Amino acid sequence: MERKKASDFPQELLNLFDVYVHGGMSRRGFLDRAQKFATLGVSAAALLEMLRPNYAWAIQVPPDDSRIAARFVTIPSPEGDGAIKGYLVRPANADKLPAVLVVHENRGLNPYIEDVARRLALANFIAFAPDGLTSVGGYPGDDEKGAELFRRVDPVKMQEDFAAAARWLKSLPDSTGKLGAIGFCFGGGVVNQLAVRLGSDLDAAVPFYGVQPDAADAAEIKAPINAQYGELDHRITSGWPAFDAALTAAGVPHEGHIYKGANHGFHNDTTPRYDQAAAEEAWRRTIDWLNKYLRA
């Protein structure tokens with residue numbers, strides 16, 4: 001399928017798609033409302049297919065790249081669902097390294113997130129991307145099915161699973177003990193909550209368009225935060241000023257970056273919402289931030 005850009009679609013349609021992928025309307029509801037944007041030869045269903053992810057586009061680092069060593073592991077999560085499976089990646093030849101937890105969107109551990117973990121390995125980190133859908137069989141290979149499974153997982157236990165993954169990763173024998181976390185969409189919110197929960201056990205955090213904690217919770221954060229937002233993502237970006245103020249009041253080193261003309265999901269290079277300039281700049285800032293706080 002031809003790669004489309006956000007500019008190929010009306011912003012209202014992109015906003016509708018955002019509501020749909022975050023569970024705010026059914027597939028039928030989206031198709032009914034998208035019908036106004038259909039044209040001769042391009043149905044509402046075809047528009048949905050154009051907006052859905054194509055994971056072939058996400059492979060920047062092949063799974064068998066000789067520069068990395070990657071494997072799936074299952075770790076215990078006694079306070080959560082009992083265990084959580086994840087994708088562990090590190091440089092093929094390296095000594096002790098800082099570690100970075102990678103938290104997925106609200107679809108599970110899909111190929112895009114796996115590739116992000118491999119990109120971090122090439123940046124000389126140990127990366128671990130847990131699958132929050134482990135308790136219901138794991139990411140099913142299809143985003144819509146993943147969304148259905150997501151609704152079946154106990155959200156409290158899933159948060160415990162991610163916390164267990166973070167602690168396990170920090171304690172790896174080949175880790176320096178320095179721990180960072182990055183996450184996207186749902187995962188950005190998880191990273192913010194992990195920063196609240198882990199306190200000084202988390203050394204750096206980069207949430208991409210993640211829901212922010214309230215001021216009382218933000219006061220518990222110790223990890224330096226570098227938050228990434230899309231200008232057109234009003235639903236999430238509107239929460240940044242209050243989060244910025246709370247982090248300032250708590251004395252937490254932090255930055256917030258709002259990318260002009262970028263939508264929610266701008267880093268995900270599998271959909272038309274991908275914004276190459278914003279994604280590349282945000283990734284540079286991510287690596288710089290992790291290097292600054294995890295290699296000291």
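Refer to the structure presented above.
None of the values given here were measured: they were computed from a predicted structure.

**Structural notes on the pattern of salt bridges**
- Applying the stated rule across the entire model yields 17 salt bridges.
- Of the charged contacts, one joins Lys170 and Asp203 as a salt bridge, the two residues approaching to 3.5 Å between their closest N and O atoms. Of the two residues, Lys170 is situated in helix 6 (residues 155-170) and Asp203 in the loop between helix 7 (186-198) and strand 6 (204-208); the sequence distance between them amounts to 33 residues.
- Given the relative accessible area of 15%, Asp203 is considered buried.
- The partner of Glu281 in a salt bridge is Arg284, with the nearest N and O atoms 2.4 Å apart.

**Structural notes on the packing of helix 6 against helix 7**
- At a minimum axis separation of 11 Å, helix 6 and helix 7 run at an interaxial angle of 65°. On the basis of the axis angle, helix 6 is roughly perpendicular to helix 7. Like other packed secondary-structure pairs, helix 6 and helix 7 cross with a definite hand, here right-handed. Of the residues in helix 7, those touching helix 6 at Met158, Gln159, Glu160, Phe162, Ala163, Ala166 and Arg167 are Phe186, Val190, Gln193, Leu194, Arg197 and Leu198.
- Its residues placed into classes, the contact of helix 6 with helix 7 shows 8 nonpolar, 2 polar and 3 charged.

**Considerations on the layout of surface pockets**
- Here the largest pocket defines a volume of roughly 270 Å³.
- Taken together, 14 residues form the lining of the largest pocket, with Tyr20, Gly23, Arg107, Ala147 and Arg151 sitting closest to its centre.
- Residue assignment for the lining of the largest pocket shows that the elements contributing at least two residues are helix 1 (11-21) and helix 5 (143-150).
- Sorting elements by how many residues they give to the lining of the largest pocket places helix 5 first, with 4 residues.
- Here the lining of the largest pocket is built from residues that sort into 5 nonpolar, 4 polar and 5 charged.

**Looking at empty space enclosed by the protein**
- On inspection of all chains with the given rule, the structure shows 1 cavity of 30 Å³ or more.
- Its boundaries defined by the atoms lining it, the largest cavity holds a volume of some 230 Å³.
- Together, 19 residues line the largest cavity, and Val21, Pro53, Arg107, Asp143 and Arg273 are the ones closest to its centre.
- At the level of secondary structure, the elements contributing two or more residues to the lining of the largest cavity comprise helix 1 and helix 5.
- Take the lining of the largest cavity: its biggest share by element is 3 residues, from helix 1.
- The residue makeup of the lining of the largest cavity, split by class, is 6 nonpolar, 7 polar and 6 charged.

**Looking at the sheet that holds strand 1 (residues 68-77)**
- Spatially, 8 strands are ordered 1-2-4-3-5-6-7-8 in an open sheet, and the strand pairing comes out mixed. With partners counted over all chains shown, the strands left at the sheet margins are strand 1 and strand 8 (254-259), one partner each. Neighbour to neighbour, the strand axes of the sheet diverge by 20° on average, direction disregarded.
- Both strand 1 and strand 2 (residues 82-91) contribute to a ladder of 10 bridges, which runs antiparallel. Paired with Pro76 across the two strands is Ala83, which belongs to strand 2.

**A closer look at helix 5**
- Restricting attention to buried positions, one finds in helix 5 the residues Asp143, Gly146, Ala147, Leu149 and Phe150. For helix 5, the buried positions fall inside an angular range of 160° around the axis, keeping them on one side.
- Check the buried side of helix 5 and you find it contacts helix 6 and helix 7.
- At the N-terminal end of helix 5, a side-chain oxygen is found 3.0 Å from the backbone nitrogen of Glu144, two or three residues along, and the residue is Asp142.

**A look at unusual backbone geometry**
- Of note, Asn124 is a non-glycine position whose phi angle comes to about 75°, a positive value.
- In this fold, Asn124 is placed in the loop between helix 4 (111-122) and strand 4 (126-130).
- If you check the backbone angles, Tyr209 has positive phi at about 35° while not being a glycine.
- Relative to the helices and strands, Tyr209 is located in the loop between strand 6 and helix 8 (215-218).
- With a relative accessible area of 1%, Tyr209 lands in the buried category.

**Thoughts on the side chain of Asn106**
- Inspection of the secondary structure assignment puts Asn106 in the loop between strand 3 (97-103) and helix 4.
- Taking relative accessible area as the criterion, Asn106 reaches 15% and is therefore assigned buried.
- Within the structure, the side chain of Asn106 is placed 3.0 Å from the backbone oxygen of Val21, a separation counted as a polar contact.
- A distance of 2.9 Å separates the side chain of Asn106 from the side chain of Arg107, its partner in a polar contact.
- Dropping the residues within four chain positions of it, Asn106 is found in contact with Val21, His22, Ala147, Phe150 and Phe186.

Calculation rules
- Residue positions within a chain follow its written sequence, with the count starting from 1.
- For a predicted model such as this one, the threshold for reporting local features is a pLDDT of at least 70, and the threshold for listing and counting side-chain atom pairs is 80 or more; totals across whole chains, interfaces and linings nevertheless cover every residue.
- Computation of side-chain values: all heavy atoms of the structure, hydrogens and water removed.
- A pairing counts as a salt bridge when a side-chain nitrogen of Lys or Arg comes within 4 Å of a carboxyl oxygen of Asp or Glu.
- The helix and strand labels rest on DSSP assignments: H or I over at least four residues marks a helix, E over at least two residues marks a strand, and numbering proceeds from the N terminus.
- Categorising residues by exposure relies on relative accessible area from a 1.4 Å probe, with only protein chains included: less than 20% of the type maximum marks a residue as buried, more than 50% marks it as exposed, and the intermediate range marks it as partly exposed.
- Simply put, an axis is a line fit to the C-alpha atoms, just over the touching stretch for a helix, and the angle between two N-to-C directions goes from 0 to 180 degrees.
- Should an angle fall under 35 degrees it is taken as roughly parallel, and over 145 as roughly antiparallel, whereas 65 to 115 is taken as roughly perpendicular and any remaining angle as oblique.
- Each helix crossing is assigned a hand: it is left-handed if the near helix lies turned anticlockwise from the far helix by less than a right angle, otherwise right-handed if that turn is clockwise.
- Note on contacts: a residue pair qualifies if any of its non-hydrogen atoms lie within 4.5 Å across the two residues.
- Each residue is assigned to one class: nonpolar for Ala, Val, Leu, Ile, Met, Phe, Trp, Tyr, Cys and Pro, charged for Asp, Glu, Lys and Arg, and polar for all the others, Gly among them.
- Think of a 1 Å grid over just the protein atoms. A cavity is a set of points where a 1.4 Å probe fits yet cannot get out, a pocket is an open set with protein on both sides within 12 Å along at least five of seven lines, and lining residues have an atom within 4 Å of a point.
- Grid points are joined across faces, edges and corners, and a volume is the space filled by probe spheres set on the points.
- At least two DSSP bridges between two strands are needed for those strands to be called paired.
- This arc describes the spread of directions from the helix axis toward the C-beta atoms.
- Throughout this description, a polar contact denotes any pair of N or O atoms lying within 3.5 Å of each other; where both atoms belong to protein, one of them has to be capable of donating a hydrogen while the other can accept it, and for residues adjacent in sequence the pair is counted only when both atoms sit in side chains.

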